[in-house]
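Listed below, chain by chain, are the residues.
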Protein chains: 2
Amino acid sequence: MHMIPVETDILQANQHWADDNREAFLRYGVYVVNLMSAPGAGKTTVLEKTIGRLKDDYRLGVIEGDLVTTIDADRIAALGVPSYQITTGTVCHLDARMVHNAIHEFKIKDLNLLFIENVGNLVCPAEFELGEDLKIMVYSTVDGAEKPKKYPLMFHEADAVILNKIDLLPYSGVSLEELIRNVREVNPWAPIFPVSCLTGEGLSDWIAWFRLEIAEGNTRMRRRASAA
Amino acid sequence: MHMIPVETDILQANQHWADDNREAFLRYGVYVVNLMSAPGAGKTTVLEKTIGRLKDDYRLGVIEGDLVTTIDADRIAALGVPSYQITTGTVCHLDARMVHNAIHEFKIKDLNLLFIENVGNLVCPAEFELGEDLKIMVYSTVDGAEKPKKYPLMFHEADAVILNKIDLLPYSGVSLEELIRNVREVNPWAPIFPVSCLTGEGLSDWIAWFRLEIAEGNTRMRRRASAA
(Lines give C-alpha, C1' and ligand atoms only; values in the text may rest on other atoms or scores of the structure.)
Protein backbone atom coordinates (compact mmCIF):
# COMPACT_ATOMS: atom_id res chain seq x y z
CA MET A 1 0.00 0.00 0.00
CA HIS A 2 1.08 3.53 -0.64
CA MET A 3 1.59 6.55 1.57
CA ILE A 4 -0.27 9.69 0.67
CA PRO A 5 -0.99 12.98 2.42
CA VAL A 6 -4.70 12.20 2.84
CA GLU A 7 -3.96 9.39 5.29
CA THR A 8 -6.01 11.04 8.02
CA ASP A 9 -9.01 11.34 5.72
CA ILE A 10 -8.77 7.66 4.88
CA LEU A 11 -8.70 6.71 8.53
CA GLN A 12 -11.64 9.06 9.20
CA ALA A 13 -13.64 7.52 6.35
CA ASN A 14 -12.74 4.10 7.71
CA GLN A 15 -13.99 5.09 11.15
CA HIS A 16 -17.36 5.99 9.64
CA TRP A 17 -17.71 2.51 8.13
CA ALA A 18 -16.44 0.95 11.36
CA ASP A 19 -19.13 2.76 13.35
CA ASP A 20 -21.73 1.52 10.87
CA ASN A 21 -20.46 -2.03 11.26
CA ARG A 22 -20.50 -1.77 15.05
CA GLU A 23 -24.12 -0.64 14.93
CA ALA A 24 -25.04 -3.57 12.69
CA PHE A 25 -23.22 -6.04 14.94
CA LEU A 26 -25.03 -4.65 17.98
CA ARG A 27 -28.38 -4.77 16.20
CA TYR A 28 -27.91 -8.42 15.24
CA GLY A 29 -26.36 -9.34 18.60
CA VAL A 30 -23.09 -10.57 17.12
CA TYR A 31 -19.89 -10.47 19.15
CA VAL A 32 -17.01 -9.70 16.78
CA VAL A 33 -13.32 -10.49 17.04
CA ASN A 34 -10.62 -9.10 14.77
CA LEU A 35 -7.69 -11.55 14.61
CA MET A 36 -4.39 -9.97 13.57
CA SER A 37 -0.79 -11.12 13.16
CA ALA A 38 2.24 -11.22 10.90
CA PRO A 39 2.08 -13.87 8.16
CA GLY A 40 2.70 -17.37 9.48
CA ALA A 41 2.10 -16.64 13.18
CA GLY A 42 -0.70 -19.21 13.19
CA LYS A 43 -3.90 -17.13 13.14
CA THR A 44 -5.84 -19.77 11.21
CA THR A 45 -4.56 -22.58 13.42
CA VAL A 46 -5.45 -20.68 16.60
CA LEU A 47 -8.85 -20.05 15.04
CA GLU A 48 -9.32 -23.75 14.23
CA LYS A 49 -8.43 -24.71 17.82
CA THR A 50 -10.72 -22.00 19.22
CA ILE A 51 -13.61 -23.00 16.96
CA GLY A 52 -13.14 -26.63 17.99
CA ARG A 53 -13.77 -25.68 21.61
CA LEU A 54 -16.59 -23.18 21.04
CA LYS A 55 -18.63 -24.39 18.13
CA ASP A 56 -21.19 -26.29 20.21
CA ASP A 57 -21.95 -23.19 22.29
CA TYR A 58 -22.10 -20.40 19.71
CA ARG A 59 -23.46 -19.78 16.23
CA LEU A 60 -20.12 -19.09 14.61
CA GLY A 61 -19.04 -17.44 11.41
CA VAL A 62 -15.68 -16.42 9.98
CA ILE A 63 -14.69 -13.67 7.54
CA GLU A 64 -11.28 -14.38 6.05
CA GLY A 65 -9.02 -11.68 4.65
CA ASP A 66 -6.33 -12.68 2.18
CA LEU A 67 -4.62 -11.17 -0.82
CA VAL A 68 -5.52 -13.84 -3.34
CA THR A 69 -6.33 -17.38 -2.21
CA THR A 70 -9.20 -19.01 -0.34
CA ILE A 71 -6.88 -21.46 1.49
CA ASP A 72 -7.83 -20.19 4.95
CA ALA A 73 -11.56 -19.91 4.23
CA ASP A 74 -11.46 -23.49 2.92
CA ARG A 75 -9.82 -24.65 6.19
CA ILE A 76 -12.60 -22.98 8.18
CA ALA A 77 -15.35 -24.31 5.92
CA ALA A 78 -13.92 -27.80 6.48
CA LEU A 79 -14.88 -27.39 10.16
CA GLY A 80 -18.51 -26.91 9.17
CA VAL A 81 -18.44 -23.21 10.03
CA PRO A 82 -19.77 -20.64 7.55
CA SER A 83 -16.90 -18.65 6.13
CA TYR A 84 -16.69 -15.76 3.70
CA GLN A 85 -13.52 -14.78 1.87
CA ILE A 86 -12.50 -11.19 1.23
CA THR A 87 -9.65 -11.11 -1.27
CA THR A 88 -7.89 -7.76 -1.06
CA GLY A 89 -5.70 -8.03 -4.17
CA THR A 90 -2.64 -5.98 -3.28
CA VAL A 91 -4.12 -4.32 -0.20
CA CYS A 92 -2.24 -5.38 2.92
CA HIS A 93 -5.05 -5.11 5.48
CA LEU A 94 -8.81 -5.29 5.84
CA ASP A 95 -10.68 -2.03 6.19
CA ALA A 96 -14.15 -1.41 7.59
CA ARG A 97 -15.74 -0.95 4.17
CA MET A 98 -14.58 -4.37 2.98
CA VAL A 99 -16.14 -5.86 6.12
CA HIS A 100 -19.28 -3.78 5.56
CA ASN A 101 -19.68 -5.22 2.08
CA ALA A 102 -19.02 -8.72 3.40
CA ILE A 103 -21.80 -8.37 5.95
CA HIS A 104 -24.31 -8.10 3.13
CA GLU A 105 -22.97 -11.22 1.43
CA PHE A 106 -22.86 -13.17 4.64
CA LYS A 107 -25.69 -14.40 6.86
CA ILE A 108 -24.55 -12.27 9.75
CA LYS A 109 -27.96 -12.24 11.41
CA ASP A 110 -27.82 -16.00 11.95
CA LEU A 111 -24.64 -15.67 14.05
CA ASN A 112 -23.77 -14.62 17.57
CA LEU A 113 -19.98 -14.87 17.29
CA LEU A 114 -18.03 -13.65 14.27
CA PHE A 115 -14.27 -13.91 13.74
CA ILE A 116 -12.58 -11.68 11.20
CA GLU A 117 -9.15 -13.02 10.29
CA ASN A 118 -7.13 -10.12 8.97
CA VAL A 119 -4.44 -10.17 6.26
CA GLY A 120 -1.08 -11.38 7.64
CA ASN A 121 0.76 -8.13 8.32
CA LEU A 122 2.28 -6.78 11.53
CA VAL A 123 1.84 -3.13 10.53
CA CYS A 124 -1.26 -1.79 8.79
CA PRO A 125 -4.16 -3.91 10.10
CA ALA A 126 -3.62 -2.31 13.51
CA GLU A 127 -4.57 1.11 12.10
CA PHE A 128 -7.98 0.11 10.75
CA GLU A 129 -10.93 -0.28 13.10
CA LEU A 130 -13.45 -2.74 11.68
CA GLY A 131 -16.22 -2.23 14.23
CA GLU A 132 -15.03 -5.22 16.26
CA ASP A 133 -15.53 -5.86 19.98
CA LEU A 134 -12.05 -7.28 20.51
CA LYS A 135 -8.73 -7.12 18.72
CA ILE A 136 -6.79 -10.34 19.33
CA MET A 137 -3.18 -10.52 18.26
CA VAL A 138 -1.34 -13.76 17.54
CA TYR A 139 2.46 -13.66 17.60
CA SER A 140 4.88 -16.44 16.75
CA THR A 141 7.39 -16.61 19.60
CA VAL A 142 10.13 -17.83 17.26
CA ASP A 143 9.94 -14.53 15.36
CA GLY A 144 12.05 -13.04 18.17
CA ALA A 145 11.70 -11.23 21.48
CA GLU A 146 12.33 -7.70 20.21
CA LYS A 147 9.39 -7.32 17.80
CA PRO A 148 7.06 -5.51 20.26
CA LYS A 149 9.65 -2.70 20.27
CA LYS A 150 9.96 -2.68 16.49
CA TYR A 151 6.25 -3.01 15.63
CA PRO A 152 4.64 -1.44 18.69
CA LEU A 153 1.23 -0.41 17.33
CA MET A 154 -0.39 -3.84 16.93
CA PHE A 155 0.91 -5.03 20.29
CA HIS A 156 -0.36 -1.78 21.80
CA GLU A 157 -3.82 -2.07 20.24
CA ALA A 158 -4.37 -5.72 21.15
CA ASP A 159 -6.97 -6.61 23.80
CA ALA A 160 -5.19 -9.94 24.25
CA VAL A 161 -1.89 -11.24 22.91
CA ILE A 162 -1.56 -14.95 22.08
CA LEU A 163 2.10 -16.01 21.99
CA ASN A 164 1.99 -19.04 19.71
CA LYS A 165 4.43 -21.88 18.92
CA ILE A 166 5.91 -22.05 22.44
CA ASP A 167 6.72 -25.70 21.66
CA LEU A 168 9.49 -24.37 19.38
CA LEU A 169 10.99 -22.09 22.05
CA PRO A 170 13.56 -24.61 23.37
CA TYR A 171 15.07 -24.85 19.88
CA SER A 172 14.85 -21.20 18.88
CA GLY A 173 17.02 -19.31 21.37
CA VAL A 174 14.16 -16.86 22.01
CA SER A 175 13.46 -15.94 25.65
CA LEU A 176 9.76 -16.02 26.51
CA GLU A 177 10.41 -13.87 29.59
CA GLU A 178 12.09 -11.16 27.51
CA LEU A 179 9.30 -11.32 24.92
CA ILE A 180 6.61 -10.92 27.59
CA ARG A 181 8.55 -8.04 29.15
CA ASN A 182 8.68 -6.32 25.75
CA VAL A 183 4.95 -6.84 25.15
CA ARG A 184 4.25 -5.33 28.60
CA GLU A 185 6.32 -2.27 27.73
CA VAL A 186 3.96 -1.27 24.91
CA ASN A 187 0.78 -2.79 26.35
CA PRO A 188 0.40 -2.88 30.14
CA TRP A 189 -3.20 -4.17 30.22
CA ALA A 190 -3.78 -6.98 27.72
CA PRO A 191 -3.67 -10.53 29.02
CA ILE A 192 -0.87 -12.55 27.44
CA PHE A 193 -1.44 -16.22 26.59
CA PRO A 194 1.61 -18.33 25.73
CA VAL A 195 0.19 -21.30 23.77
CA SER A 196 1.14 -24.21 21.54
CA CYS A 197 -1.44 -25.28 18.98
CA LEU A 198 0.67 -28.41 18.46
CA THR A 199 0.58 -29.67 22.08
CA GLY A 200 -2.49 -27.72 23.22
CA GLU A 201 -0.54 -26.10 26.07
CA GLY A 202 -2.06 -22.82 27.23
CA LEU A 203 -5.15 -22.99 25.02
CA SER A 204 -7.52 -23.58 27.96
CA ASP A 205 -6.45 -20.31 29.60
CA TRP A 206 -7.08 -18.39 26.39
CA ILE A 207 -10.47 -20.06 25.87
CA ALA A 208 -11.56 -19.46 29.49
CA TRP A 209 -10.71 -15.76 29.27
CA PHE A 210 -12.36 -15.43 25.87
CA ARG A 211 -15.59 -17.14 26.98
CA LEU A 212 -15.82 -14.69 29.87
CA GLU A 213 -15.30 -11.70 27.56
CA ILE A 214 -18.13 -12.89 25.33
CA ALA A 215 -20.40 -13.67 28.29
CA GLU A 216 -19.86 -10.20 29.73
CA GLY A 217 -20.17 -8.60 26.29
CA ASN A 218 -16.89 -6.81 26.86
CA THR A 219 -15.65 -4.50 24.18
CA ARG A 220 -12.25 -2.93 23.79
CA MET A 221 -13.76 0.52 24.34
CA ARG A 222 -15.42 -0.49 27.59
CA ARG A 223 -12.37 -2.33 28.88
CA ARG A 224 -9.99 0.51 28.10
CA ALA A 225 -12.33 3.07 29.63
CA SER A 226 -12.52 1.10 32.87
CA ALA A 227 -8.74 0.65 32.87
CA ALA A 228 -8.16 4.40 32.50
CA MET B 1 -0.76 2.18 4.64
CA HIS B 2 -3.90 3.11 2.84
CA MET B 3 -5.36 2.23 -0.52
CA ILE B 4 -6.24 5.09 -2.80
CA PRO B 5 -7.15 5.42 -6.48
CA VAL B 6 -3.87 7.13 -7.38
CA GLU B 7 -1.90 3.97 -6.63
CA THR B 8 -0.51 3.81 -10.15
CA ASP B 9 0.74 7.39 -9.94
CA ILE B 10 2.51 6.60 -6.69
CA LEU B 11 4.24 3.61 -8.23
CA GLN B 12 5.16 5.70 -11.27
CA ALA B 13 6.61 8.44 -9.08
CA ASN B 14 8.47 5.77 -7.16
CA GLN B 15 9.90 4.39 -10.39
CA HIS B 16 11.32 7.82 -11.20
CA TRP B 17 13.18 7.94 -7.89
CA ALA B 18 14.26 4.31 -8.32
CA ASP B 19 15.77 5.13 -11.73
CA ASP B 20 17.60 8.07 -10.16
CA ASN B 21 18.94 5.79 -7.43
CA ARG B 22 20.06 3.20 -9.96
CA GLU B 23 21.96 5.86 -11.87
CA ALA B 24 23.68 7.04 -8.69
CA PHE B 25 24.59 3.48 -7.70
CA LEU B 26 26.05 2.86 -11.16
CA ARG B 27 27.98 6.13 -11.06
CA TYR B 28 29.54 5.29 -7.70
CA GLY B 29 30.06 1.62 -8.59
CA VAL B 30 27.94 0.29 -5.74
CA TYR B 31 26.21 -3.08 -6.00
CA VAL B 32 22.89 -2.85 -4.18
CA VAL B 33 20.76 -5.55 -2.58
CA ASN B 34 17.21 -5.10 -1.30
CA LEU B 35 16.53 -7.59 1.51
CA MET B 36 12.84 -8.31 2.08
CA SER B 37 10.80 -10.59 4.33
CA ALA B 38 7.93 -10.84 6.77
CA PRO B 39 8.76 -9.67 10.31
CA GLY B 40 10.87 -12.17 12.21
CA ALA B 41 12.06 -14.23 9.24
CA GLY B 42 15.64 -13.41 10.15
CA LYS B 43 16.70 -10.73 7.65
CA THR B 44 19.07 -9.05 10.09
CA THR B 45 20.59 -12.37 11.18
CA VAL B 46 21.10 -13.48 7.56
CA LEU B 47 22.68 -10.08 6.96
CA GLU B 48 25.00 -10.46 9.97
CA LYS B 49 26.11 -13.90 8.75
CA THR B 50 26.58 -12.60 5.20
CA ILE B 51 28.54 -9.56 6.37
CA GLY B 52 30.75 -11.81 8.51
CA ARG B 53 31.80 -13.72 5.40
CA LEU B 54 32.14 -10.74 3.03
CA LYS B 55 33.40 -7.83 5.02
CA ASP B 56 37.09 -8.42 4.29
CA ASP B 57 36.44 -8.41 0.54
CA TYR B 58 34.02 -5.51 0.06
CA ARG B 59 33.50 -1.97 1.31
CA LEU B 60 30.13 -2.59 2.88
CA GLY B 61 27.28 -0.40 4.02
CA VAL B 62 23.77 -1.06 5.25
CA ILE B 63 20.59 1.02 5.10
CA GLU B 64 18.06 -0.22 7.63
CA GLY B 65 14.32 0.34 7.29
CA ASP B 66 12.19 0.13 10.40
CA LEU B 67 9.06 1.76 11.72
CA VAL B 68 10.51 3.21 14.89
CA THR B 69 13.61 1.69 16.47
CA THR B 70 17.30 1.54 15.56
CA ILE B 71 17.69 -2.00 16.96
CA ASP B 72 18.75 -3.49 13.61
CA ALA B 73 21.04 -0.61 12.64
CA ASP B 74 22.72 -0.95 16.04
CA ARG B 75 23.29 -4.68 15.41
CA ILE B 76 24.94 -3.87 12.07
CA ALA B 77 27.02 -1.02 13.53
CA ALA B 78 28.28 -3.47 16.16
CA LEU B 79 29.92 -5.41 13.29
CA GLY B 80 31.93 -2.33 12.37
CA VAL B 81 29.90 -1.74 9.21
CA PRO B 82 28.52 1.73 8.45
CA SER B 83 24.75 1.69 8.83
CA TYR B 84 22.06 4.29 8.31
CA GLN B 85 18.57 4.01 9.76
CA ILE B 86 15.43 5.07 7.91
CA THR B 87 12.51 5.15 10.31
CA THR B 88 9.28 5.07 8.35
CA GLY B 89 6.83 5.89 11.16
CA THR B 90 3.66 4.09 10.14
CA VAL B 91 4.74 3.35 6.57
CA CYS B 92 5.02 -0.40 6.02
CA HIS B 93 7.73 -0.44 3.34
CA LEU B 94 10.69 1.52 2.02
CA ASP B 95 10.19 3.52 -1.14
CA ALA B 96 12.79 4.83 -3.57
CA ARG B 97 12.54 8.39 -2.32
CA MET B 98 13.39 7.38 1.24
CA VAL B 99 16.44 5.58 -0.11
CA HIS B 100 17.28 8.57 -2.30
CA ASN B 101 17.31 10.84 0.75
CA ALA B 102 19.38 8.31 2.68
CA ILE B 103 22.02 8.26 -0.05
CA HIS B 104 22.77 11.91 0.68
CA GLU B 105 23.12 11.28 4.40
CA PHE B 106 25.27 8.23 3.88
CA LYS B 107 28.80 7.95 2.45
CA ILE B 108 27.62 5.90 -0.48
CA LYS B 109 30.63 6.78 -2.61
CA ASP B 110 32.99 5.01 -0.19
CA LEU B 111 31.16 1.71 -0.69
CA ASN B 112 31.03 -0.99 -3.33
CA LEU B 113 28.34 -3.17 -1.74
CA LEU B 114 25.20 -1.79 -0.13
CA PHE B 115 22.45 -3.77 1.60
CA ILE B 116 19.05 -2.22 2.10
CA GLU B 117 17.08 -4.10 4.75
CA ASN B 118 13.41 -3.39 4.12
CA VAL B 119 10.62 -3.10 6.69
CA GLY B 120 9.39 -6.53 7.81
CA ASN B 121 6.29 -7.04 5.65
CA LEU B 122 5.41 -9.80 3.22
CA VAL B 123 3.19 -7.59 1.06
CA CYS B 124 4.06 -3.99 0.16
CA PRO B 125 7.88 -3.89 -0.07
CA ALA B 126 7.62 -6.13 -3.15
CA GLU B 127 5.78 -3.37 -5.04
CA PHE B 128 8.41 -0.67 -4.61
CA GLU B 129 11.56 -0.70 -6.73
CA LEU B 130 14.42 1.01 -4.90
CA GLY B 131 16.96 1.03 -7.74
CA GLU B 132 18.56 -2.17 -6.44
CA ASP B 133 20.53 -4.75 -8.42
CA LEU B 134 19.03 -7.72 -6.60
CA LYS B 135 15.94 -8.42 -4.54
CA ILE B 136 16.68 -11.11 -1.98
CA MET B 137 13.83 -12.61 -0.02
CA VAL B 138 14.22 -14.29 3.36
CA TYR B 139 11.42 -16.62 4.49
CA SER B 140 11.08 -18.41 7.80
CA THR B 141 10.31 -22.04 6.98
CA VAL B 142 8.29 -22.45 10.20
CA ASP B 143 5.80 -19.84 8.92
CA GLY B 144 4.29 -22.62 6.82
CA ALA B 145 4.52 -24.19 3.36
CA GLU B 146 1.51 -22.45 1.82
CA LYS B 147 2.62 -18.80 2.06
CA PRO B 148 4.00 -18.55 -1.52
CA LYS B 149 0.43 -19.18 -2.68
CA LYS B 150 -1.03 -16.63 -0.28
CA TYR B 151 1.57 -13.88 -0.73
CA PRO B 152 2.80 -14.56 -4.27
CA LEU B 153 4.20 -11.17 -5.29
CA MET B 154 7.32 -11.05 -3.09
CA PHE B 155 8.19 -14.67 -3.88
CA HIS B 156 7.63 -13.89 -7.56
CA GLU B 157 9.82 -10.76 -7.51
CA ALA B 158 12.73 -12.32 -5.63
CA ASP B 159 16.03 -12.95 -7.46
CA ALA B 160 16.89 -15.49 -4.77
CA VAL B 161 14.84 -16.98 -1.93
CA ILE B 162 16.59 -17.83 1.34
CA LEU B 163 14.54 -20.35 3.36
CA ASN B 164 15.73 -19.67 6.90
CA LYS B 165 15.42 -21.55 10.21
CA ILE B 166 15.60 -25.04 8.67
CA ASP B 167 16.97 -26.19 12.04
CA LEU B 168 13.41 -25.79 13.38
CA LEU B 169 11.83 -27.85 10.59
CA PRO B 170 11.93 -31.21 12.43
CA TYR B 171 9.82 -29.68 15.24
CA SER B 172 7.46 -27.60 13.14
CA GLY B 173 5.54 -30.06 10.98
CA VAL B 174 6.32 -27.97 7.88
CA SER B 175 7.45 -29.86 4.76
CA LEU B 176 10.47 -28.24 3.08
CA GLU B 177 9.69 -30.12 -0.13
CA GLU B 178 6.16 -28.73 -0.25
CA LEU B 179 7.43 -25.22 0.54
CA ILE B 180 10.01 -25.38 -2.27
CA ARG B 181 7.36 -26.70 -4.66
CA ASN B 182 5.13 -23.74 -3.77
CA VAL B 183 7.96 -21.23 -4.25
CA ARG B 184 8.67 -22.78 -7.67
CA GLU B 185 5.03 -22.37 -8.66
CA VAL B 186 5.21 -18.57 -8.43
CA ASN B 187 8.92 -18.20 -9.25
CA PRO B 188 10.48 -20.72 -11.64
CA TRP B 189 13.90 -19.03 -11.94
CA ALA B 190 15.20 -17.85 -8.56
CA PRO B 191 17.71 -20.05 -6.78
CA ILE B 192 16.38 -21.30 -3.44
CA PHE B 193 18.74 -21.58 -0.47
CA PRO B 194 17.54 -23.54 2.58
CA VAL B 195 19.71 -22.25 5.45
CA SER B 196 20.07 -22.23 9.22
CA CYS B 197 21.75 -19.19 10.72
CA LEU B 198 21.96 -21.15 13.98
CA THR B 199 23.95 -24.12 12.64
CA GLY B 200 25.39 -22.41 9.54
CA GLU B 201 23.92 -25.09 7.25
CA GLY B 202 23.41 -23.90 3.70
CA LEU B 203 25.04 -20.49 4.17
CA SER B 204 28.06 -21.36 2.02
CA ASP B 205 25.85 -22.09 -0.99
CA TRP B 206 24.10 -18.74 -0.62
CA ILE B 207 27.39 -16.86 -0.20
CA ALA B 208 29.00 -18.61 -3.19
CA TRP B 209 26.06 -17.71 -5.45
CA PHE B 210 25.94 -14.15 -4.13
CA ARG B 211 29.68 -13.57 -4.64
CA LEU B 212 29.30 -14.68 -8.25
CA GLU B 213 26.37 -12.32 -8.81
CA ILE B 214 28.41 -9.41 -7.50
CA ALA B 215 31.50 -10.42 -9.49
CA GLU B 216 29.48 -10.59 -12.69
CA GLY B 217 27.62 -7.40 -11.84
CA ASN B 218 24.35 -9.20 -12.41
CA THR B 219 21.17 -7.23 -12.03
CA ARG B 220 17.64 -8.49 -11.81
CA MET B 221 16.80 -6.84 -15.12
CA ARG B 222 19.70 -8.51 -16.93
CA ARG B 223 19.03 -11.92 -15.37
CA ARG B 224 15.33 -11.84 -16.16
CA ALA B 225 16.00 -10.67 -19.71
CA SER B 226 18.38 -13.56 -20.31
CA ALA B 227 15.91 -16.01 -18.76
CA ALA B 228 13.12 -14.81 -21.06
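Refer to the structure presented above.
Here we summarise the structure given alongside this text. For clarity, every value in this text was computed on a predicted model and none was experimentally measured. (Residues numbered from 1 in each chain as written. Chains lettered and ligands numbered in written order. Predicted model: local features only at pLDDT ≥ 70, side-chain atom pairs only at ≥ 80, totals over all residues. Heavy atoms only, no water.)

## Thoughts on the overall build of chain A
Here is step 1: Within chain A one finds 10 helices and 7 strands.
Here is step 2: In terms of overall dimensions, chain A is globule-like: its C-alpha atoms have a radius of gyration of 17 Å, near the 17 Å expected for 228 residues.
Here is step 3: Overall, the C-alpha framework of chain A stretches about 45 × 45 × 40 Å when taken along its three principal axes.
Here is step 4: Burial statistics for chain A: of 228 residues in total, 62% are counted as buried.
Here is step 5: About 8,700 Å² of surface is accessible on chain A, with carbon and sulfur atoms providing 53% of the total.
Here is step 6: Within chain A, the 32 negative side-chain charges are centred at a point lying 2 Å from the centre of the 23 positive side-chain charges. (Helix = DSSP H or I, 4+ residues; strand = E, 2+ residues; numbered from the N terminus. Rg over C-alpha atoms; globule rule 2.2 N^0.38 Å. Buried < 20%, exposed > 50% of the residue type's maximum accessible area, 1.4 Å probe, protein only. Areas by Shrake-Rupley, 256 points an atom, 1.4 Å probe, with all protein chains shown as cover. Lys, Arg positive; Asp, Glu negative; His and termini not counted. Charge placed at Lys NZ, Arg CZ, Asp CG, Glu CD.)

## A short note on the environment of alanine 24 of chain A
Residues and elements named next belong to chain A.
Here is step 1: By the element assignment, alanine 24 lies in helix α1 (residues 7-28).
Here is step 2: Residue classification places alanine 24 among the buried positions, given a relative accessible area of 9%.
Here is step 3: With 76 residues separating them in the primary sequence, alanine 24 and histidine 100 have C-alpha atoms 9.2 Å apart.

## Some points on helix α4 (residues 96-105) of chain A
Here is step 1: Taken together, the buried positions of α4 of chain A are Ala96, Met98, Val99, His100, Ala102 and Ile103 of chain A.
Here is step 2: With a side-chain oxygen positioned 3.1 Å from the backbone nitrogen of arginine 97 of chain A, the residue opening α4 of chain A is aspartate 95 of chain A. (Polar contact = N/O pair within 3.5 Å; in protein donor to acceptor, adjacent residues only side chain to side chain.)

## Observations concerning the sheet that holds strand β5 (residues 134-140) of chain B
Within a beta sheet, neighbouring strands are joined by backbone hydrogen bonds and run either parallel or antiparallel to one another.
Residue and element names in this part refer to chain B.
Here is step 1: Sheet architecture is open: 7 strands sit in the order β3-β2-β4-β1-β5-β6-β7, paired in parallel fashion. If you trace the sheet from one side to the other, it starts and ends with β3 (83-87) and β7 (192-194), each paired once. Going across the sheet, the axis of each strand differs from the next one's by a mean of 20°, ignoring polarity.
Here is step 2: Alignment of β5 against strand β6 (residues 160-164), held across 5 bridges, turns out to be parallel. Across the sheet, serine 140 pairs through a bridge with asparagine 164, a residue of β6.
Here is step 3: Contacts between helix α8 (residues 176-186) and the sheet are confined to β5, β6 and β7, with β7 contributing the most and set at about 160° to the helix.
Here is step 4: Seen against the sheet, helix α9 (residues 203-215) touches β1 (31-36), β4 (113-117), β5, β6 and β7 and runs at an angle of roughly 170° to β5. (Pairing = 2+ DSSP bridges. Axes fitted to C-alpha atoms, helices over the stretch in contact; angles between N-to-C directions. Contact = heavy atoms within 4.5 Å.)

So, to be careful, I would describe these as geometric facts and stop short of saying anything about function.
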